[in-house]
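Reading the structure
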Protein chains: 2
Amino acid sequence: MYTDLMNAPRTARERARAELTREILTAARRQLGEVGPSQLSLRAVARELEMASSAIYRYFKSRDELLTALILEAYNDIGAAAERAAERAAEPGERWIAIWRGVRAWALANRHEFALLFGTPVPGYAAPRETATAAGRMPLALAAVVAEAKAAGALAPPPAPPCEPALIDADMTALLPDAAFSADEIARIVLAWNRLVGIVSYELHGHLVGVTADDAGFFDYTARVSGAFTGLRFA
Amino acid sequence: MYTDLMNAPRTARERARAELTREILTAARRQLGEVGPSQLSLRAVARELEMASSAIYRYFKSRDELLTALILEAYNDIGAAAERAAERAAEPGERWIAIWRGVRAWALANRHEFALLFGTPVPGYAAPRETATAAGRMPLALAAVVAEAKAAGALAPPPAPPCEPALIDADMTALLPDAAFSADEIARIVLAWNRLVGIVSYELHGHLVGVTADDAGFFDYTARVSGAFTGLRFA
DNA sequence: CGAATTATGAGAGCGGTGCTCTCTGAATAG
DNA sequence: CTATTCAGAGAGCACCGCTCTCATAATTCG
């Protein structure tokens, strides 16, 4: 089910299958953008594609599986947005801000996808193995900036109490290769990542109305403060 | 609709109405705890109460209104948990940690309610006026600790770039009365509040699996780091 | 008190959902 | 050419939110 589209289809049937799978996915994504995850209806997707609703089940064995596929796409999408933003600036501090702004812009333009990734998990959903790498792209973009600063010797010493190494998963240190991050540095990157999606979620969900007066400005402030906390220096 | 239960009912009808409204609410909350917001079904609540599903609509004119009532309850609940936790410690640093732990404990024990408050907003929901004060109780408990430290002259100067006053809503400064907080101090409290629900959300949604090795320990680290960022001093 | 009004509950019904099953026809494999 | 696999359609099940009508009970008013 939801067979990998990249394995070159040979027969006409396989080609048609791959094509229709993509069509279902793009139609679903379109509708997701309009009505949000909870309202996304398999039957509506089938209607848009002018096929029987039962036929969809030949391609995705449940609504949850369709949503999972969309989650994977969205993770790659927001990760790509972060990576693209990172390329638009050279100096670590500027790169950091660029990534933050890029992620926020993506989230504002794709709020339902963002909700799908970081909002309430869909009930029947369990993250498959492949999701992890896609999900890691965005935080890895942040980590790369810190690694760059560290390599240049421009990483400021941590201000507050340090994080004990035992609190960080061993897989995590292994996942960040070249930089040889300390546990404390990893912890700060994790917190920065958490802060980024946290503040965007707050803005998207309306928790900041009557609190902040300038969402974009407060976001930039948050980005700088969070970067400084991670050890970056700003102009 | 969803008439205030506190206005003393006089006639038998009003008494019965108030009673049944409460029964619906508690049944709904029970089911919410089991299946989560998205799966909460008005018909199932009606079945549990052995009444026709259509009769529920005499008390809540839609599923969204029922959810709104549950949101209000949950906001007060988590706020009360924070306030109770605050009372269990005297010194500001300990109070801060106590509140954080209290909120986390509440969230772990009421994950679906927590999702209702800080997860993806329910589609048809628009926060009514009364919700604001209930929603403010938890962050206000945090602010109170900072105010206490400030009054005692024990608030450390801010480490990183300050927040410009223009970024904070005027209503917000007016809402925090006695403490005469600066915009920068408010911004830090807002960020601490955002961090608290952000890190709990990450833990609840599984974004920390394979990242942290000890959720409770990492949470405590986050609480300390966040407190220090806000200006508190820890032993 | 009796009549008029109002609030409440039950039931049927509408259009929607996810999902399963069976049946038919077309593409593939041997 | 035949046997098998696979894609699609349709009917149907159980559930959902919500609306409407109708009868009955509680309240208010003359």
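Residues numbered from 1 in each chain as written. Chains lettered and ligands numbered in written order. Predicted model: local features only at pLDDT ≥ 70, side-chain atom pairs only at ≥ 80, totals over all residues. Heavy atoms only, no water.

Looking now at the overall build of chain A. When helices and strands are tallied, chain A shows ten helices and zero strands. Secondary structure of chain A in N-to-C order comes out as α-α-α-α-α-α-α-α-α-α. By its C-alpha atoms, chain A is 60 × 45 × 35 Å across when sized along the principal axes. Counting all 235 residues of chain A, 54% fall into the buried class. Nonlocal contacts in chain A, meaning residues at least 24 apart in sequence, comprise 71% of its contacts between residues at least 6 apart. Within the structure as shown, chain A displays about 10,800 Å² of accessible surface, and the carbon and sulfur contribution to it stands at 54%. For chain A, the distance from the average site of its 25 positive side-chain charges to the average site of its 28 negative ones is 4 Å. (Helix = DSSP H or I, 4+ residues; strand = E, 2+ residues; numbered from the N terminus. Buried < 20%, exposed > 50% of the residue type's maximum accessible area, 1.4 Å probe, protein only. Contact = heavy atoms within 4.5 Å. Areas by Shrake-Rupley, 256 points an atom, 1.4 Å probe, with all protein chains shown as cover. Lys, Arg positive; Asp, Glu negative; His and termini not counted. Charge placed at Lys NZ, Arg CZ, Asp CG, Glu CD.)

The subject of this paragraph is the domain arrangement of chain A. It is common to give the size of an interface as the accessible area lost on bringing the parts into contact. Residues and elements named next belong to chain A. Assigned domains of chain A: these are domain 1 (1-61) and domain 2 (75-230). One C-alpha centre belongs to domain 1, the other to domain 2; they are set 31 Å apart. Contact with domain 1, which involves seven residues of that partner, is made by six residues of domain 2. Both faces combined, the contact of domain 1 with domain 2 buries some 510 Å², and carbon together with sulfur accounts for 59% of it. It is Arg29, Leu32 and Pro37 in domain 1 that bury the most area against domain 2; as a group they hold 76% of the surface buried on that side. Across the contact surface, domain 1 and domain 2 share two salt bridges. Its salt-bridge partner being Asp77, residue Arg29 comes within 3.1 Å of it at the nearest N-O pair. (Domains from an automatic or database assignment. Buried area = accessible area lost by both parts, 1.4 Å probe. Salt bridge = Lys/Arg side-chain N within 4 Å of Asp/Glu carboxyl O.)

Turning our eyes to something else, we now look at unusual backbone geometry. Residue and element names in this part refer to chain A. One non-glycine residue, Glu50, adopts positive backbone phi at about 55°. Mapped onto the elements, Glu50 comes out in the loop between helix 2 (42-48) and helix 3 (53-56). Using a relative accessible area of 76% as the deciding quantity, one classes Glu50 as exposed.

What follows deals with helix 10 (residues 215-230) of chain A. Note: α-helices contain 3.6 residues per turn, so residues at a spacing of three or four share the same orientation. With 16 residues, helix 10 of chain A should reach 22 Å at 1.5 Å per residue; the first-to-last C-alpha distance of 22 Å fits that figure. Burial runs high along helix 10 of chain A: twelve of the 16 residues are buried. Every buried residue belonging to helix 10 of chain A is among Gly217, Phe218, Phe219, Asp220, Tyr221, Thr222, Ala223, Val225, Ser226, Gly227, Phe229 and Thr230 of chain A, and all of these are buried. The inward-facing, buried residues of helix 10 of chain A contact helix 5 (92-109), helix 7 (129-151) and helix 9 (183-205) of chain A together with helix 9 (183-205) and helix 10 (215-230) of chain B. For helix 10 of chain A, the N-terminal cap is Asp214 of chain A; the gap from its side-chain oxygen to the backbone nitrogen of Ala216 of chain A is 3.3 Å. (Expected span 1.5 Å × (residues − 1). Polar contact = N/O pair within 3.5 Å; in protein donor to acceptor, adjacent residues only side chain to side chain.)

Further remarks concern helix 6 (residues 111-118) of chain B. Among the eight residues in helix 6 of chain B, six count as buried, and that is most of the element. For helix 6 of chain B, the set of buried residues is Glu113, Phe114, Ala115, Leu116, Leu117 and Phe118 of chain B. On its buried face, helix 6 of chain B sits against helix 9 of chain A together with helix 1 (12-35), helix 4 (63-87), helix 5 (92-109), helix 7 (129-151) and helix 9 of chain B.

What follows is about the protein's contact with DNA strand C. Neighbouring DNA strand C are 24 residues; Leu42, Arg43 and Arg63 of chain A together with Ala52 and Tyr59 of chain B lie closest to it. Per the 4 Å cut-off to the protein, sugar and phosphate atoms form 50% of the nearby atoms of DNA strand C. Arg43 of chain A places a polar side-chain atom, nitrogen or oxygen, 2.4 Å from a base nitrogen of DNA strand C. Backbone polar atom of Arg63 of chain A to a phosphate oxygen of DNA strand C: 2.7 Å apart, as the coordinates give it. At the level of elements, helix 1 (12-35), helix 2 and helix 3 of chain A together with helix 1 and helix 3 (53-56) of chain B are the ones that each hand at least two residues to the surface near DNA strand C. Here the residues of the surface near DNA strand C are counted per class, giving nine nonpolar, six polar and nine charged. (Near = heavy atom within 4 Å. Nonpolar A, V, L, I, M, F, W, Y, C, P; charged D, E, K, R; others polar.)

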